[in-house]
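A structural walkthrough
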Amino acid sequence: AGDLVFSTGSNSSNLLTERLRLNKGEAVFNDTGADVDFRIESDVNAQAVFVNGENSRVGLGTSSPESQLHSRETADTANKMVIDHVSAGNSWGGYIESIAGANQGLVIGRKFNASYTPVISMNVNGQSTFAGDLVIPNQIIHTGDTDTYMQFHQANGWRVVTANLERFHIEGASVVFNSDGYDAD
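These remarks concern the structure in this document. Remember, it's a predicted structure, so these values are computed and weren't measured experimentally.

Cut-off values and rules
- All residue numbers here refer to positions counted from 1 along the written sequence of the relevant chain.
- Owing to the predicted nature of the model, reporting of local features is limited to residues with pLDDT of at least 70; listing and counting of side-chain atom pairs is limited to 80 or more, with chain, interface and lining totals taken over all residues.
- As a rule here, side-chain values come from all non-hydrogen atoms in the structure, and water together with hydrogens is ignored.
- Think of it this way: DSSP has to see at least two bridges between two strands before they count as a pair.
- The secondary structure listing takes helices from DSSP runs of H or I that are at least 4 residues long and strands from runs of E that are at least 2 residues long, numbered from the N terminus.
- A fitted line through C-alpha atoms serves as each axis, taken over the contacting stretch for helices, and the angle formed by two N-to-C directions is quoted from 0 to 180°.
- A 3.5 Å cut-off defines polar contacts: any pair of N or O atoms within that distance qualifies, except that in protein one atom must be a possible hydrogen donor and the other a possible acceptor, and neighbouring residues in sequence count only when both atoms are side-chain atoms.
- Any pair of residues with heavy atoms lying within 4.5 Å of one another is described as a contacting pair.
- Any Lys or Arg side-chain nitrogen found within 4 Å of a carboxyl oxygen on Asp or Glu counts as a salt bridge.
- Exposure above 30% relative accessible area and no salt bridge define the residues that can form patches, which grow by joining like charges within 9 Å and nonpolar side chains of Val, Leu, Ile, Met, Phe, Trp and Tyr within 5 Å.
- The protein chains shown are the only cover counted for residues, whose accessible areas, like all others here, come from Shrake-Rupley with a 1.4 Å probe.
- Throughout this description, buried means an accessible area under 20% of the type-specific maximum (1.4 Å probe, protein chains only), exposed means over 50%, and partly exposed covers the range between.

**Observations regarding the sheet that holds strand β14 (residues 145–154)**
Read from one edge of the open sheet, five strands run β13-β14-β15-β16-β17, paired in antiparallel fashion. A single partner strand is all that each edge strand has here, and the edge strands are β13 (139–142) and β17 (174–177). Each strand of the sheet is rotated relative to its neighbour by a mean of 15 degrees, with strand direction disregarded. Summarising the sheet, β13 and β14 pair through four bridges and their orientation is antiparallel.

**With respect to the side chain of Glu18**
Of note, Glu18 is situated in strand β2 (residues 15–22). Within the structure, the side chain of Glu18 is placed 2.7 Å from the side chain of Arg21, a separation counted as a polar contact. Residues within four places of Glu18 in sequence aside, it is in contact with Val5, Phe6, Ser7, Asn30, Asp31 and Thr32.

**Here's the deal with the pattern of salt bridges**
On inspection of all chains with the given rule, the structure shows six salt bridges. Two residues, Arg72 and Glu66, come together in a salt bridge whose shortest N-O distance is 3.3 Å. Taken together, the shared-partner salt bridges in this structure form one network comprising Asp3, Glu18 and Arg21.

**Remarks on the sheet that holds strand β10 (residues 105–112)**
Strand pairing in a sheet relies on backbone hydrogen bonds, with the paired strands running either antiparallel or parallel. As summarised here, the arrangement of the five strands in space is β8-β9-β10-β11-β12, forming an open sheet in which the pairing is antiparallel. Among the strands making up the open sheet, the edge pair consists of β8 (79–87) and β12 (128–130). Between one strand axis and the next, the sheet turns by 20 degrees as a mean value, whatever way the strands run. Across eight bridges, the pairing between β10 and strand β11 (residues 115–123) is antiparallel. If you follow Gly109 over to β11, its bridge partner there is Pro118.

**Some remarks on the pairing of strand β6 (residues 57–60)**
Bridge analysis of strand β5 (residues 49–52) against β6 gives three bridges, and the strand direction is antiparallel. Note on β6: the bridge partner recorded for Phe50 is Gly59. The hairpin turn running from β5 into β6, its antiparallel successor, is four residues long, and Ser56 in that turn takes a positive phi close to 60 degrees. Pairing analysis gives three bridges linking β6 to strand β7 (residues 69–71), with the strands arranged parallel. From the neighbouring strand, Leu60 faces β7, where its bridge partner is Ser71.

**Some remarks on a nonpolar patch on the surface**
Taken together, the side chains of Leu60, Leu69, Met81, Ile96, Leu106 and Ile108 present a nonpolar region at the surface, about 440 Å² in accessible area. Mapping Ile96 onto the fold places it in strand β9 (residues 90–99). Look at Ile96 and you get partly exposed, because its relative accessible area is 42%.

**A word on unusual backbone geometry**
A positive phi angle, close to 55 degrees, is found at Ala88, a residue other than glycine. Its location among the elements puts Ala88 in the loop between β8 and β9. The exposed category is assigned to Ala88, whose relative accessible area is 79%. In this structure, Ala163 takes a positive phi of about 50 degrees despite not being glycine. The topology assignment puts Ala163 in the loop between β15 (157–162) and β16 (165–171).

Remember that the coordinates give geometry; whether it matters functionally is a separate question.
Laid out in structure tokens, this is it:
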């Protein structure tokens, strides 16, 4: 009913696969759900947008996406993904950036209009740098060792606990060692 359909295959054996359907309200690629890929080229990238028909993954700059959405920059430059919204004429949001070259790593930051400010930077050696304050709700625990931690247990105070015993705590200007009376040197 007013649809324009593009199909490929053998017309003589009636084995046509619908590729594109255009109608008054939409353009649908692969409406039949066939294992057919979809690709959009730019003037410099043959896989500017690539949809893998077999695994339903989307690649930006790659024809072999490794996850639901995979963005890849093949030049030795940064690859930035921006998420933002416009409110009162300003663009607010955040970004994730993959850094190439000598400073390889990942940056997560905030965006205001055309200004990008790094908040967390992680390099390939596993080191992380935080810009500004790092807010920790309660305690820092080492993975797999839940009875050893540093805890912010009260206003103006924190403590170090090992083997579930408090070793010392800082309260305002006071430092208290071995407050639980554990026999330790």
